[in-house]
Amino acid sequence: MSTYHSLSRMINDTFYIWRQEMVQVFKDEGVLIFFVIVPLVYPLLYSWIYNNETVHEVPVVVVDDSHTSLSRQFIRMCDASPDVRIAYYAQDMDEAKSLISRQLVKGAYHIPSDFDVKVNRMEQATIGVYCDMSLMLTYKAVFQVAQLVSMEMGKEISTTRAQLKTAREEVIAARPLEYAEVPIFNPSGGYGSFILPGVLILILQQTLVLGIGLSAGTARENNRYKQLIPIARPYQGTLRIIFGKALCYFMIYALMGVWLVVIVPRLFNFPHLASWQPLLLMMLPYLLACIFFGMVVSCIVKYRENVMLMMVFMSVPLLFMTGVSWPQSNISGFWQGVSWVFPSTFGVRAFVRLNSMGATIGDVSHEILVLWIHAAVYFAIACGVYRYQIYLTRQDALGRLNEMKQKKKQKK
């Protein structure tokens, strides 16, 4: 009978904490923004911004020192491509650089005066390409168009000079090896399909940690931990607090997780190759790891504003450390070690490989195992820090109670 009552009390205490935390989430505007509004709106905002995937009609300036039919052919072919638009003609490179510095164009093509002469002498001619490197997409468009046009003109010149008799011979001479260019894992070749799947998973961690930190900061400022002292007398009481809070966060972010990893990629036609079973096996440990990680962080920071400063500042470095926007092989050993602290590192890698690359659950078993280890380690740390917080609160309450008793004795 005592076991039944003990179990019943544990369940009641856990649901009491869950109910209190759920009420606090929807009463606190800051927590509600990070738990609900941001996960719903941010993915749509980012996805709409990068919905075009690639850039087209990038303005370019041309410096034509050759003034020949061959140079004009190069300019026409570049202007005919969908990615580049010849916007200006400059007299010299100084004028072209001035246009680039004023952001009127994103690149410049310089055709030297000996361009036609070298081609007619069967010598290798060169064309200078100057790009604005501040934006990767425009640089890629300007450079690749010049490269492809040069290759195409080279084929035409080679086949014309070879004096071949049949069209088939010209085709073979221009392209002796037939090949098909297939961009794997990113069929559209766009920036959104490349980077946003990782950003969606990072949003889950960042908003979850921010919301938990704000909630804990509010509780600390209002001294709401005093309400938990009756529950937390035995060690098992700390577990009830952890489970009650974690259940609240998990219920909210189970819905947010479905929105971010299932619905948003399909709304914007990002790669979505994984079925629901592998995603579930990956998201379960990831959400638990993020929840317990957020609870640990919430006990480290003193004021609710501090967690905002810390986590927002770390968002970009965390994205780089996942190996999605920057090659993992080029990350130093020290920073790779730092990245192991955060669940997002392995959550992003597992999600991108499952949903964008078509990996199986066995291919990401290492990442999933590490996420389970993260969940277990941060759960243990959360139990320790929560127990210590409640101990400090109890000591403070006992100290105040003793002061009140002494004051009463002095009055008597």
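Structure first, text after, so check above.
Model, not experiment: these values are computed from the prediction.

**Quick word on the overall build of the protein chain**
And then number 1: Assigned secondary structure in the protein chain consists of 14 helices and four strands.
And then number 2: Put simply, the protein chain has 412 residues, and 43% of those count as buried.
And then number 3: Taken as a whole, the protein chain presents about 22,600 Å² of accessible surface, with 62% of it coming from carbon and sulfur.

**A few points about helix 2 (residues 29–49)**
And then number 1: Approximately 50 degrees is the largest bend angle found in helix 2, and it occurs at valine 38, with the proline proline 39 only one to four residues beyond.
And then number 2: For helix 2, every residue scored as buried is listed here: Gly30, Val31, Phe34, Phe35, Val36, Val38, Pro39, Pro43, Leu44 and Ser47.
And then number 3: Regarding helix 2, its N-cap is aspartate 28, as a side-chain oxygen of that residue lies 2.9 Å from the backbone nitrogen of glycine 30 further along.

**Observations concerning the packing of aromatic side chains**
And then number 1: Applying the stated rule across the entire model yields 14 aromatic pairs.
And then number 2: With 6.0 Å between their ring centres and 80 degrees between their planes, phenylalanine 15 and tryptophan 18 make a pair best called edge-to-face. Placement of the pair is phenylalanine 15 and tryptophan 18 together in helix 1 (residues 2–27), with a separation of three residues, close to one helical turn.
And then number 3: Considering the side-chain rings of phenylalanine 243 and phenylalanine 379, the 5.7 Å spacing of their centres and the 15 degrees angle between planes classify their relative orientation as stacked. In this pair, phenylalanine 243 is assigned in helix 9 (residues 235–267) and phenylalanine 379 in helix 14 (residues 365–411), connecting sequence segments 136 residues apart.
And then number 4: For phenylalanine 379, a relative accessible area of 22% translates into the label partly exposed.
And then number 5: The structure contains a cluster of three or more aromatic residues connected by ring pairs, namely Phe35, Tyr249 and Tyr253.

**Some words on the pattern of salt bridges**
And then number 1: On inspection of all chains with the given rule, the structure shows three salt bridges.
And then number 2: In this structure, lysine 245 engages glutamate 21 in a salt bridge whose closest nitrogen and oxygen atoms are separated by 2.8 Å. With lysine 245 in helix 9 and glutamate 21 in helix 1, this residue pair connects regions lying 224 residues apart in the sequence. Glutamate 21 carries the same exposure label as lysine 245, and that label is buried.
And then number 3: In this structure, the salt-bridge partner of glutamate 367 is arginine 353, at a minimum N-O distance of 2.4 Å. With a gap of 14 residues between them, glutamate 367 in helix 14 and arginine 353 in helix 13 (residues 343–356) connect regions that are remote in the sequence.
And then number 4: Of the residues examined, arginine 353 reaches a relative accessible area of 26% and is grouped as partly exposed.

**A closer look at helix 13**
And then number 1: Along its 14 residues, helix 13 runs 19 Å from first to last C-alpha, staying within 8% of the 20 Å computed at 1.5 Å per residue.
And then number 2: Of all 14 residues that make up helix 13, 13 are buried, and the element is covered over most of its length.
And then number 3: Taken from the residues just after helix 13, glycine 358 is the one with a positive phi, measuring 75 degrees.

**Quick notes on the pairing of strand 2 (residues 84–89)**
And then number 1: Alignment of strand 1 (residues 58–64) against strand 2, held across five bridges, turns out to be parallel. Bridging from a neighbouring strand, proline 59 pairs with arginine 85 of strand 2.
And then number 2: Between the parallel pair strand 1 and strand 2, the chain is carried across by helix 3 (residues 69–80), and the sense of this crossover is right-handed.

**Some remarks on a negative patch on the surface**
And then number 1: Negative charge collects at one region of the surface, where Asp65, Asp92, Asp94 and Glu95 lie side by side.
And then number 2: Following the sequence through the fold, aspartate 92 ends up in the loop between strand 2 and helix 4 (93–101).

**Topic: the sheet that holds strand 4 (residues 128–131)**
And then number 1: The strand order 2-1-3-4 describes an open sheet built from four strands, whose pairing is mixed. Since the sheet does not close on itself, it has two edges, and those belong to strand 2 and strand 4, each with one partner. With direction set aside, neighbouring strand axes in the sheet form an average angle of 30 degrees.
And then number 2: Of the pairings in the sheet, the one linking strand 3 (residues 107–111) to strand 4 comprises four bridges and is antiparallel in character. Considered in strand 4, the bridge of alanine 108 is made with tyrosine 130.

**Brief notes about the side chain of glutamate 21**
And then number 1: Take glutamate 21: its relative accessible area is 2%, and that puts it in the buried class.
And then number 2: A polar contact is formed between the side chain of glutamate 21 and the side chain of tyrosine 249, at a distance of 2.7 Å.

**Points about the nonpolar core**
And then number 1: Core analysis: the biggest nonpolar cluster contains 74 residues, and Phe35 and Met295 have the highest contact counts within it.
And then number 2: Mapped by element, the contributors of at least two residues to this core are helix 1, helix 2, helix 8 (191–221), helix 9, helix 10 (276–300), helix 11 (304–321), helix 13 and helix 14.
And then number 3: Excluding residues that lie within four positions of it along the chain, methionine 295 makes contacts with Ile212, Ile242, Lys245, Tyr249, Ala382 and Tyr386.
And then number 4: One finds Phe115, Cys131, Val142 and Met153 within the second-largest nonpolar core, a separate group that totals 20 residues.

Definitions and limits used
- Residues numbered from 1 in each chain as written.
- Predicted model: local features only at pLDDT ≥ 70, side-chain atom pairs only at ≥ 80, totals over all residues.
- Heavy atoms only, no water.
- Helix = DSSP H or I, 4+ residues; strand = E, 2+ residues; numbered from the N terminus.
- Buried < 20%, exposed > 50% of the residue type's maximum accessible area, 1.4 Å probe, protein only.
- Areas by Shrake-Rupley, 256 points an atom, 1.4 Å probe, with all protein chains shown as cover.
- Bend = angle between axes of the 7 residues up to and from the residue.
- Polar contact = N/O pair within 3.5 Å; in protein donor to acceptor, adjacent residues only side chain to side chain.
- Phe/Tyr/Trp six-rings, centres within 6.5 Å; stacked < 30°, edge-to-face > 60°.
- Salt bridge = Lys/Arg side-chain N within 4 Å of Asp/Glu carboxyl O.
- Expected span 1.5 Å × (residues − 1).
- Pairing = 2+ DSSP bridges.
- Right-handed = clockwise from strand over helix to strand, strands pointing away.
- Patch = residues over 30% accessible without salt bridge, like charges linked within 9 Å, V, L, I, M, F, W, Y side chains within 5 Å.
- Lys, Arg positive; Asp, Glu negative; His and termini not counted.
- Charge placed at Lys NZ, Arg CZ, Asp CG, Glu CD.
- Axes fitted to C-alpha atoms, helices over the stretch in contact; angles between N-to-C directions.
- Core = buried A, V, L, I, M, F, W, Y, C linked by side-chain atoms within 4.5 Å.
- Contact = heavy atoms within 4.5 Å.

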